[in-house]
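Next come the chains, spelled out residue by residue.
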Amino acid sequence: TSKERAPLGEYRGCLGCVAFSSDGKTLASGAIGSPAYFPDLEQVKLWDVATGKVRAILKGHEGSAYSAAFSPDGKTLASVSDDETVRLWRMATGKEQAAFQGHTEADKKASGPIHNVMSVAFSPDGKTLAAASYDMTVKVWDAATAKRTTLQGHTHAVYSVAFGPDGKTLASASGDKTVRLWDLATNKERAVLQGHTEPVMSVAFSPDGKMLASAGVDKSVKLWNVATGKERATLQGTESVWSVAFSPDGKTLASAGGTISNAPGELKLWDVATGK
């Protein structure tokens, strides 16, 4: 039986994201809420998993923290916000290491009024950072130099990004109902994966990089062959699916979903081999 081990305190505003460090000892959490209503909003917190105590409060974002990701070595945390920034935090000190501007004035003129940064991911070697943007683009940074590349092709907000295990391929999920695969050596679109009938909210690579899972508002999870871009299977749920994740051995897929209401959500575990 799975039971709650310990509550980790409360937030002003809604809890927006959680991420474990690679050693499992630290948990990062982000809050969704407006500083206008919650002047003391603590956007990003670090928790000691063993004790359930707050290790640090990372202050710097001026809006909701939608997503957070630890670098593979656990020394850095990246967080993204509707303040249009990606911020890097040094774990040893809890201090801000760098802030990358998610959108230039040219970006804003090209895409309209909303420029939230929705999702962030580190490459497996920790040298590259990618972020999904509401302005229909994917931004890719060199973590050391802050040099930025913009990947364009989606025709609606981008909600999720994920690096393949080899670090050469990036996947993005969008409200345009597609998943796109990008070749990071050329920064060109490699494939457009079409099949969802509603916005795609999350993507995840299998540990061996051969398969990609995508979660859709159309109540389905789709499994794709990364090499060919062909759909392998559709796992049909009964609620919109917001997030997917593979187990470390790649044999099990977890999906989380539900409606934006008081109705119970769905957390499902799927056998990848059988699709059940």
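Preceding this section is the structure that the text describes.
Attention here is on the structure that accompanies the text. Nothing here was measured: the structure is a model prediction, and the numbers come from that model.

Moving on to the overall build of the chain. Assigned secondary structure in the chain consists of 1 helix and 23 strands. A buried classification covers 49% of the 276 residues belonging to the chain. Expressed as a percentage of contacts within the chain between residues at least 6 apart in sequence, the contacts between residues at least 24 apart total 38%. Counting every atom, the chain has about 13,800 Å² of accessible surface; 50% of that belongs to carbon and sulfur.

A few words on the sheet that holds strand β18 (residues 211–216). The 4 strands lie next to each other as β17-β18-β19-β20, forming an open sheet whose pairing is antiparallel. Since the sheet does not close on itself, it has two edges, and those belong to β17 (200–205) and β20 (231–236), each with one partner. Across the sheet, the mean angle separating the axes of adjacent strands is 20° when strand polarity is ignored. Here strand β19 (residues 220–225) pairs with β20 via 5 bridges, running antiparallel. Looking at the pairing, W224 lines up with E231 of β20.

In this structure the tally under the stated criterion is 5 salt bridges. A salt bridge links R180 to D176; its shortest N-O distance comes to 3.6 Å. Here R180 matches D176 in class, with each residue buried. Between E231 and K222 there is a salt bridge; the shortest N-O distance is 3.4 Å. One salt-bridge network, in which partners are shared between bridges, spans D176, R180 and E189.

Another point: the pairing of strand β9 (residues 117–122). Side-chain positions along a regular strand alternate between the two faces of the sheet. The buried fraction of β9 amounts to 6 of the 6 residues, a majority that puts the element mostly inside the structure. One ladder, built from 5 bridges, connects β9 with strand β10 (residues 128–133); its direction is antiparallel. Its bridge partner being in β10, V120 is matched across the sheet by A131. Hairpin connection between β9 and β10: a loop of 5 residues separates the two successive antiparallel strands, and G126 in this loop has a positive phi of roughly 75°.

As judged from the 5 bridges shared by strand β11 (residues 137–142) and strand β12 (residues 148–152), these two strands associate in the antiparallel manner. Its bridge partner being in β12, T137 is matched across the sheet by Q152. The hairpin turn running from β11 into β12, its antiparallel successor, is 5 residues long, and A146 in that turn takes a positive phi close to 70°.

Moving on, we get to the environment of V80. You can see V80 is positioned in strand β6 (residues 76–81). Under the relative-accessibility criterion, V80 is labelled buried at 0%. Linking V80 and A132, residues 52 residues apart in sequence, is a C-alpha distance of 9.3 Å. Not counting the four nearest positions on each side in its chain, V80 is found in contact with H61, S64, A65, Y66, S67, T85, V86, V117, M118, S119 and V120.

Reading guide: rules and limits
Residues numbered from 1 in each chain as written. Predicted model: local features only at pLDDT ≥ 70, side-chain atom pairs only at ≥ 80, totals over all residues. Heavy atoms only, no water. Helix = DSSP H or I, 4+ residues; strand = E, 2+ residues; numbered from the N terminus. Buried < 20%, exposed > 50% of the residue type's maximum accessible area, 1.4 Å probe, protein only. Contact = heavy atoms within 4.5 Å. Areas by Shrake-Rupley, 256 points an atom, 1.4 Å probe, with all protein chains shown as cover. Pairing = 2+ DSSP bridges. Axes fitted to C-alpha atoms, helices over the stretch in contact; angles between N-to-C directions. Salt bridge = Lys/Arg side-chain N within 4 Å of Asp/Glu carboxyl O.

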